[in-house]
Amino acid sequence: MQMEDDVKVYRLSPGCDLSDVEVGKTYIGRVQGFANFGTFVQLNDRIKGLVHKSNAKTNHKERDNILVKVLNIRNNGNIDLEEVTIQVYTVEMVEKKSTAVRLADLRSKVGRTVRIEGEIAQIKQTSGPTIFTIVDESGTENAAAFVEAGVRAYPEAELEDIVRIVGEVMLRNNQVQIEVSSLSVLAGADAEEVRERIDRALDERAEPADIPLLVESDVLTRLRPEMRKIARIIRKAVFTSQPIILRHHADADGICSAVAIEQAVTSLIRESGGDFDADYFLFKRAPSKAPFYEIEDIVRDLDYALKDHARYGQKMPLVLLTDNGSTEEDLPSLKMSKVYQLPIVVIDHHHPDEIVDQYLAGHANPYHVGGDFGITAGMLGTEVARLINPAIGDVITHLPAVAAVGDRSEAEERKRYLALVKDRYTEDHCKDIALSLDYLQFWLRFNDGRELVKDLLDLTGNPDRHNAMVALMVEGANAAIEDQMSACMPHVQHRTLANGAELFLIDVEIHAHKFTFPPPGKTSGEVHDRLVKKHAGSPVVTIGIGPDFAVLRSRGVMMNIPRMVRELRDELPGGGISGGGHLVVGSIKFVEGMRDEVMEGLIQKISLVPVVPPE
């Protein structure tokens, strides 16, 4: 015999229809209205029935809850109900009898009510509905839930919860969207089963395609496993609607590396569903003035990320560093990122310091496999981009060649990447593109100039505009360089060091134009190029000196600038010394009052290193 407290009463979820109602069962309903012959009762927003006055037990007013038993479901869909009174009972929710539909299949279900299961990737409160971005094993879509204009629907649902949603599939601005009828947060075994299913599928989707490198390269072949790992991390971030912040050094090599990845990521975001402008708010590319991740950079990135997390319900981002991120100078920013649990991956060719690896989820650097800075960041970034999305491979094939000439690589890979694109881009044209990128980025400052940069890199399908813009930028850059050189070259000081190296010094603070192109680093490089031509048979070092910094360029002098910086820091307490870069190209910072001591210490160290006269 069933005891009263064992009685089950059912509540229909909003997604249920007539097929989910069973004769003989008792349901919780709500009084909708009255007629002479009885009371209308809603079982949910879509289903209602009638309690004939002969089957009423108590008096009610509109919107009262009421317990009703289903007596009959007529052929025309009308439901006959009987009011019941039960003092003690348990309530069981009735969900729509259906299997979950994959998000990737929703476009074929427009106009139909479906059930989906997935993870909440974003919660955005608009002036109207609450928009939940849902991720499952097949894709990403939005679900709109409305309670009242500007009021948060289903406040119990939080970011990264596993949810079950029932609703009608609609098209809004040609974008699929689910109009939510019900949303429930899954817990325990139900949630774990869905999460495991999604994770397994995402791991499979995130696995990069097995495609060959663009050119033959022993170093890149040895780096391939780490590049695949980084591509896998980035692909999974895209598939889970995790924002990506890409930081890169603000020179031609860094720009080429970053833009290659930008093309791969933004196209993959568009292919994976989500809002029409998701590739803009889920991906941000930002240049870094220094060849490392500065505190100024991480503070900006964290500020934007935390605001987006609070205002738009976005996940905290994946940070990708390219042409920076490998050295001790990156440590303060990497430590700050760890506080906020930001995953960071690095694609770089600066001489790495092992201490940074504990903060990184992935680190592709040619020095790890016996290579050096001749494998440029642009080469690495392009190969990783092709693994992220092979569909854009043909579009970005020329970027490693531009990066190679822009960064003055002497590796064999430079020749191979140039040969790969020689029918479309001559070496001189690649050099012009690289120079135009440096010139444009100087005026962009901290802006990415996304569309302008795409024109310079010939990524917009408008070759006439590309050629015109490159020619214009090169004309402006060369005029500025010649003006700067005419001011600088008469003031160059010369010494011959004990090891036979020819040392040239130029004070770029007092003998160069300020706040214009070329900046001190490139000014020093241009001076160095002229002196190398003049002293073709000798090892040459050029130092551009500022009030609290020095920029080093060399040929044929086997320096290790990061090590020299560390030694000077220990030897000159109070010098405030920091810096680094490549082994033979880099920079050093110090306090202005110690400039003379630092420079003499630096020159002394240069005079002791081996030299290799050019052939």
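Our structure is the block above this text.
Residues numbered from 1 in each chain as written. Predicted model: local features only at pLDDT ≥ 70, side-chain atom pairs only at ≥ 80, totals over all residues. Heavy atoms only, no water.

Undergrad: Would you explain the side chain of His248 in this entry?
TA: Relative to the helices and strands, His248 resides in strand 13 (residues 244-249). In this structure the side chain of His248 is engaged in a polar contact, spanning 3.1 Å, whose partner is the side chain of Arg285. (Helix = DSSP H or I, 4+ residues; strand = E, 2+ residues; numbered from the N terminus. Polar contact = N/O pair within 3.5 Å; in protein donor to acceptor, adjacent residues only side chain to side chain.)

Undergrad: Could you clarify how one ought to interpret the packing of aromatic side chains in this entry?
TA: We describe a pair of aromatic rings using the distance from one ring centre to the other and the angle between the two ring planes. Inspection of every chain in the model, using the stated rule, returns 6 aromatic pairs. Centre to centre, the rings of Phe442 and Trp443 are 4.8 Å apart; their planes meet at 85 degrees, and the pair counts as edge-to-face. A relative accessible area of 41% means that Trp443 is categorised as partly exposed. Lying across the ring of Phe446, Arg300 places its NZ or CZ 4.7 Å from the centre. Over the aromatic face of Phe442 sits the side chain of Arg445, whose NZ or CZ is 4.6 Å from the ring centroid. (Phe/Tyr/Trp six-rings, centres within 6.5 Å; stacked < 30°, edge-to-face > 60°. Buried < 20%, exposed > 50% of the residue type's maximum accessible area, 1.4 Å probe, protein only. Lys NZ or Arg CZ within 6 Å of the ring centre and 35° of its normal.)

Undergrad: How do you make sense of the packing of helix 3 (residues 252-271) against helix 7 (residues 377-388) when you look at a structure like this?
TA: Helix-helix packing is described using two parameters, namely the angle between the two axes and the distance between the axes. One can describe the packing of helix 3 onto helix 7 by two numbers: an axis separation of 7 Å at closest approach and a directional angle of 10 degrees. Classified by the angle between their axes, helix 3 and helix 7 sit roughly parallel to one another. Residue-level contacts link Asp253, Cys256, Ser257, Ala260, Ile261, Ala264, Val265 and Leu268 of helix 3 to Ala377, Gly378, Gly381, Thr382, Ala385 and Ile388 of helix 7. Of the residues contributing to the contact of helix 3 with helix 7, the split by class is 9 nonpolar, 4 polar and 1 charged. (Axes fitted to C-alpha atoms, helices over the stretch in contact; angles between N-to-C directions. Parallel < 35°, antiparallel > 145°, perpendicular 65-115°, else oblique. Contact = heavy atoms within 4.5 Å. Nonpolar A, V, L, I, M, F, W, Y, C, P; charged D, E, K, R; others polar.)

Undergrad: What should I look at first to understand the environment of His363 in this one?
TA: Positionally, His363 belongs in strand 17 (residues 362-364). On the accessibility criterion, His363 (6% relative accessible area) is buried. For the pair His363 and Lys229, spaced 134 residues apart in sequence, the C-alpha separation works out to 9.1 Å. Each residue touching His363, except ones within four places of it in the same chain, is listed here: Glu226, Ile230, Ser326, Val346, Pro352, Val356, Asp357 and His368. At 2.8 Å, the side chain of His363 and the side chain of Ser326 are in polar contact.

Undergrad: How should I be thinking about the pattern of salt bridges in this particular structure?
TA: A pair can form between side chains of opposite charge whenever their charged atoms are brought close. Across all of its chains, the model carries 43 salt bridges by this definition. Across the salt bridge formed by Lys315 and Glu119, the nearest N and O atoms sit 3.7 Å from each other. Taken together, the residues Lys315 in the loop between helix 5 (295-312) and strand 15 (318-322) and Glu119 in strand 8 (residues 113-125) connect sequence positions 196 residues apart. You can call Glu119 buried: its relative accessible area is 14%. The salt bridge involving Arg465 is made with Asp455; its shortest N-O contact spans 3.3 Å. A residue pair is termed long-range when its members are at least 10 positions apart, and Arg465 in helix 12 (residues 463-488) and Asp455 in helix 11 (residues 450-456) qualify at 10 residues. Judged by its relative accessible area of 42%, Arg465 falls in the partly exposed class. Among the charged side chains, a salt-bridge network with shared partners connects Arg115, Glu117, Glu137, Arg164, Glu193 and Arg197. (Salt bridge = Lys/Arg side-chain N within 4 Å of Asp/Glu carboxyl O.)

Undergrad: I would appreciate a short explanation of the nonpolar core in the present structure.
TA: In this structure, Met227, Val265, Ile388, Leu437 and Leu457 are the most contacted members of the largest nonpolar core, which totals 90 residues. Ranked by the residues each element gives to this core, the list is headed by helix 3, at 11 residues. For Leu437, the contacting residues outside a window of four places in its chain are Ala252, Ile255, Cys256, Val402, Val453, Leu456 and Leu457. (Core = buried A, V, L, I, M, F, W, Y, C linked by side-chain atoms within 4.5 Å.)

Undergrad: Sorry, what's going on with the packing of helix 12 against helix 13 (residues 520-534) here?
TA: Axis separation between helix 12 and helix 13 bottoms out at 10 Å; the angle between their running directions is 70 degrees. Overall, the two elements helix 12 and helix 13 adopt an arrangement that is roughly perpendicular. Note on element contacts: helix 13 touches helix 12 through Lys522, Thr523, Glu526, Val527 and Arg530, opposite Ile481, Glu482, Gln484, Met485 and Cys488. Residues belonging to the contact of helix 12 with helix 13 are distributed by class as follows: 4 nonpolar, 2 polar and 4 charged.

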